[in-house]
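Close look at the chain arrangement
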Amino acid sequence: GARTEPEARDAEAARALGEAGAALPAHLSILRNLIETSSHADDETGVASCLALVARSLLPLGFDPQLVRGTDPVGRAQRTHLVATRAGAGPRVLLLGHADTVFPREHPFRGVREDGARWIGPGASDMKGGLATALLT
């Protein structure tokens, strides 16, 4: 017979959770790579490496990612920025974030430390965790 509205919602939620669970290992791999890449604000190579990883992750989602050079917001220096667009109809969304952290390469707070289900490391929640989350489809 036909499903009731709550049954249909439950089935959709179960489907979405299943898809998210299947995608989780790949997304955690992206997050680990972002966190383990040193990207202090003055480390142009590290920041560009993080942006390149995000750009590669956007390709299978149908985006056209471009790494572009431009002046930072306070006009101090040229920086690498990621601009990714996707053609087609539908809602337009702007996602804005950053890939730099406050910890220089030689700082002892680096890499990923696992504490149960929590990951601790430079940018784990701000903002590398946000970048990885933005890639979830």
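In short, a report on the structure. Note that the structure is predicted; figures quoted are calculated from it, not measured.

1. Quick look at the overall build of the chain
- Assigned secondary structure in the chain consists of three helices and four strands.
- Seen in sequence order, the chain has helices and strands lined up from the N terminus as α-α-β-β-β-β-α.
- In terms of overall dimensions, the chain is more spread out than a globule: its C-alpha atoms have a radius of gyration of 18 Å, far above the 14 Å expected for 137 residues.
- Once the C-alpha set of the chain is aligned to its principal axes, its extents read approximately 65 × 40 × 20 Å.
- By residue count, 27% of the 137 residues in the chain fall in the buried class.

2. What to know about the packing of aromatic side chains
- Applying the stated rule across the entire model yields one aromatic pair.
- Consider the rings of phenylalanine 103 and phenylalanine 109, whose centres lie 4.8 Å apart with planes at 70°: the pair is edge-to-face.
- For phenylalanine 109, a relative accessible area of 29% puts it in the partly exposed group.
- Over the ring of tryptophan 119 we find arginine 32, and its NZ or CZ is 4.6 Å from the ring centre.

3. What about helix α2 (residues 44–58)?
- The terminal C-alpha atoms of α2 lie 21 Å apart, and with 15 residues this matches the ideal 21 Å at 1.5 Å per residue to within 8%.
- Among the residues making up α2, those that are buried are Gly46, Val47, Cys50, Leu51, Leu53, Val54, Ala55, Ser57 and Leu58.
- Against α1 (5–36), β1 (64–71), β2 (78–85) and α3 (128–134) lie the buried residues of α2.

4. Remarks on the pairing of β2
- Where β1 and β2 come together, eight bridges link them in antiparallel fashion. Within the sheet, the bridge partner assigned to glutamine 66 lies in β2 and is valine 83.
- Where β1 folds back onto β2 in an antiparallel hairpin, the turn is made up of six residues, including glycine 75, whose phi is positive at roughly 70°.

Definitions and cut-offs
Residue indices follow the written sequence of each chain, beginning from 1 at its first position. For this predicted model, a pLDDT threshold of at least 70 governs which residues receive local features, and a threshold of 80 or more governs which side-chain atom pairs are given and counted, while totals over whole chains, interfaces and linings are taken from all residues. For side-chain calculations, the full set of non-hydrogen atoms in the structure is used, while hydrogens and water are omitted. Only runs of H or I of at least four residues qualify as helices and only runs of E of at least two qualify as strands under DSSP, and these elements are numbered from the N terminus. The quantity called the radius of gyration is restricted to C-alpha atoms. Its globule counterpart is 2.2 Å times the number of residues to the power 0.38. Relative accessibility decides the category of a residue: with a 1.4 Å probe and only protein chains considered, values under 20% of the type maximum give buried, values over 50% give exposed, and everything between is partly exposed. The pairing test for Phe, Tyr and Trp rings, Trp by its six-membered ring, is centres within 6.5 Å, and the orientation test on the planes gives stacked under 30 degrees, edge-to-face over 60, and tilted for anything in between. Sitting over a ring, as applied to charges here, requires NZ of Lys or CZ of Arg to be within 6 Å of the ring centre and within 35 degrees of the ring normal. Expected helix span is given by 1.5 Å per residue-to-residue step, counting one fewer step than there are residues. A contact between two residues is defined here by any heavy atoms of the two lying within 4.5 Å. Strand pairing follows a simple DSSP-based rule, namely that at least 2 bridges must link the two strands.

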